[in-house]
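A closer look at the structure
Each chain is listed here by its residues.
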Amino acid sequence: MPTLTNRQIVLRRRPHGLVAAEDTELVTTPAPEPAAGEALVRTTYVGVDAAVRTWLDDQPGYLPPVGLGEVIRAAGIGEVIETRCPAYTVGDIVTTLTGFQEYTTVRDDLFTTPVPGPGDRVDQLAVMSVYGPTGATAYFGMTGIGRPQPGETVVVSAAAGATGSVAGQIAKIAGARVVGIAGGPDKCRAVVQDFGFDACIDYRNDDLPAALRRHCPQGVNVYFDNVGGRILDAVLGRLAHKARVVLCGVISSYLTGEHPGPANYVNLLAKTASMQGFNALDEWGRFDEAFAALRGWDEQGLLTHRETIFDGIGSCVDALNGLFTGANIGKTLVRLAGS
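Residues numbered from 1 in each chain as written. Predicted model: local features only at pLDDT ≥ 70, side-chain atom pairs only at ≥ 80, totals over all residues. Heavy atoms only, no water.

What about the packing of helix α2 (residues 124–131) against helix α3 (residues 133–146)?
α3 packs onto α2 with a crossing angle of 30° between their chain directions and a minimal axis gap of 4 Å. By the angle class used here, α2 and α3 are roughly parallel. Of α3, the residues touching α2 (which contributes M128, S129 and V130) are T134, G135 and A136. (Axes fitted to C-alpha atoms, helices over the stretch in contact; angles between N-to-C directions. Helix = DSSP H or I, 4+ residues; strand = E, 2+ residues; numbered from the N terminus. Parallel < 35°, antiparallel > 145°, perpendicular 65-115°, else oblique. Contact = heavy atoms within 4.5 Å.)

Listed below in structure tokens is the structure:
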């Protein structure tokens with residue numbers, strides 16, 4: 001195989017707020033050569049999630065922070081083009097922690113999952129939006145903690161985003177009435193018209209407590225929280241008896257690192273409600289269950305996905321910042337192969 005070059009985005013300094021141009025550097029290196037037990041993957045799409053921003057801070061988490069000089073970590077999808085690992089053959093499509101780079105090596109481990117089907121027939125956009133970690137996160141959080149029942153009212157924040165849009169559709173499939181919270185009329189329109197929610201509150205322009213009273217007259221039975229901050233506080237003030245609050249993310253404070261506690265947490269006691277965080281990686285042994293359910297719903301026409309796609313390795317940072325400036329609807333992806 002001819003020598004390949006690998007363009008990568010590496011971290012040069014810890015960002016404060018949005019990622020600045022000086023915080024990262026685009027470098028070109030030889031593509032890695034797979035060692036015994038490894039395969040070489042050419043990245044097709046890099047998935048850009050809010051968690052990527054948290055890994056750039058020097059703070060402990062469920063994964064260690066990205067080190068200075070290291071490739072910025074991100075989940076992606078790509079094609080095996082060379083293999084010295086019996087778990088993979090050339091042409092396989094796999095999801096893995098590709099990072100912000102064009103080529104990476106993988107092993108047969110929990111971070112890499114082959115996608116069933118011939119490579120040229122795999123719908124990679126659907127995999128990234130529904131059948132990958134995004135869909136699994138929505139599935140485990142909504143079905144395992146939220147447990148929506150027919151006739152209940154479910155509220156989902158960041159409802160136009162990758163995880164929120166799928167979580168809300170899962171609640172609709174369960175027979176619940178689903179209200180989204182999103183920023184701006186375009187996103188709210190997508191939440192209702194594309195993703196099938198019953199209503200959507202524009203937190204930028206609506207009176208949030210008043211809108212919650214109007215759309216959730218009997219209270220909120222399940223709240224799937226991707227945002228934290230004042231939106232979490234407002235929904236906690238509208239909980240129904242024995243409500244379940246699912247803590248999935250806190251995008252409102254990822255840039256600042258400050259996580260103000262909700263003043264309305266006492267309502268959990270008053271309403272005999274529960275609030276629980278989770279990490280989809282803890283459910284690794286159930287990923288096949290999640291993907292089977294999601295695929296079944298998709299084949300029945302019950303799931304819709306949208307993507308916001310950036311092109312080229314040089315757009316990775318813009319794509320990441322776009323999550324915090326409201327640039328995305330659905331899953332944010334950077335297309336690399338052929339770019």
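Looking at the packing of aromatic side chains
Aromatic rings in a pair are described by how distant their centres are and how their planes are angled relative to each other. Taken as a whole, this structure holds six aromatic pairs when the rule is applied. Taking the centre distance of 6.3 Å and the plane angle of 75° together, the rings of W55 and Y62 count as edge-to-face. Accessibility expressed as a relative area gives 9% for W55, which makes it buried. By the ring-pair criterion, three or more aromatic residues cluster together here, those being Y139, F140, W284, F287, F291 and W297. Across the ring face of W55, the terminal group of R73 is positioned such that the distance to the ring centre comes to 5.0 Å. Sitting over the face of the ring of Y131, R295 holds its NZ or CZ atom 4.1 Å from the ring centroid. (Phe/Tyr/Trp six-rings, centres within 6.5 Å; stacked < 30°, edge-to-face > 60°. Buried < 20%, exposed > 50% of the residue type's maximum accessible area, 1.4 Å probe, protein only. Lys NZ or Arg CZ within 6 Å of the ring centre and 35° of its normal.)

Concerning unusual backbone geometry
One non-glycine residue, K242, adopts positive backbone phi at about 60°. Summarising the element assignment, K242 is placed in strand β12 (residues 239–247). Taking relative accessible area as the criterion, K242 reaches 48% and is therefore assigned partly exposed. Positioned with a positive phi, T272 is a non-glycine residue whose angle comes to about 50°. Mapped onto the elements, T272 comes out in the loop between α8 (266–270) and β13 (274–277). Looking at T272, the relative accessible area reads 43%, which means it is partly exposed.

Quick notes on the pairing of strand β11 (residues 220–225)
Within β11, six of the six residues are buried, which leaves the element mostly enclosed by the surrounding structure. Across five bridges, the pairing between β11 and β12 is parallel. Its bridge partner lying in β12, V222 is registered against R244. As for the winding sense of the linkage, the β-α-β connection from β11 through helix α7 (residues 229–236) to β12 is right-handed. (Pairing = 2+ DSSP bridges. Right-handed = clockwise from strand over helix to strand, strands pointing away.)

Topic: the domain arrangement of the protein chain
Taken domain by domain, the protein chain comprises domain 1 (5–122 + 306–335) and domain 2 (133–281). Computed from C-alpha coordinates alone, the two centres of domain 1 and domain 2 are separated by 28 Å. Between domain 1 and domain 2, the residue contacts involve 17 residues of the former and 15 residues of the latter. A buried area of about 1,400 Å², summed over both sides, lies between domain 1 and domain 2, and 68% of it is on carbon and sulfur atoms. (Domains from an automatic or database assignment. Buried area = accessible area lost by both parts, 1.4 Å probe.)

Considerations on helix α5 (residues 185–193)
Turning to α5, its buried residues are K187, C188, A190 and V191. Buried residues in α5, looked at end-on, bunch into an arc of 160°, giving them a common side. Away from the buried face of α5 by more than 90 degrees, exposed residues P185, D186 and Q193 are located. Next to the buried residues of α5 lie β9 (177–182) and β10 (199–202). (Arc of directions from axis to C-beta.)

Description of the nonpolar core
In this structure, M142, V154, V156, I170 and L294 are the most contacted members of the largest nonpolar core, which totals 45 residues. Only α2, α3, β8 (153–157), α4 (162–173), β9, α5, β11 and α9 (287–299) provide two or more residues apiece to this core. Of the residues forming this core, the biggest block, six residues, is contributed by α3. Here this core gathers at least three residues from each of two domains, domain 1 (5–122 + 306–335) and domain 2 (133–281). Listed in part, the 25 residues of the second largest apolar core include I9, A50, L63 and F324. (Core = buried A, V, L, I, M, F, W, Y, C linked by side-chain atoms within 4.5 Å.)

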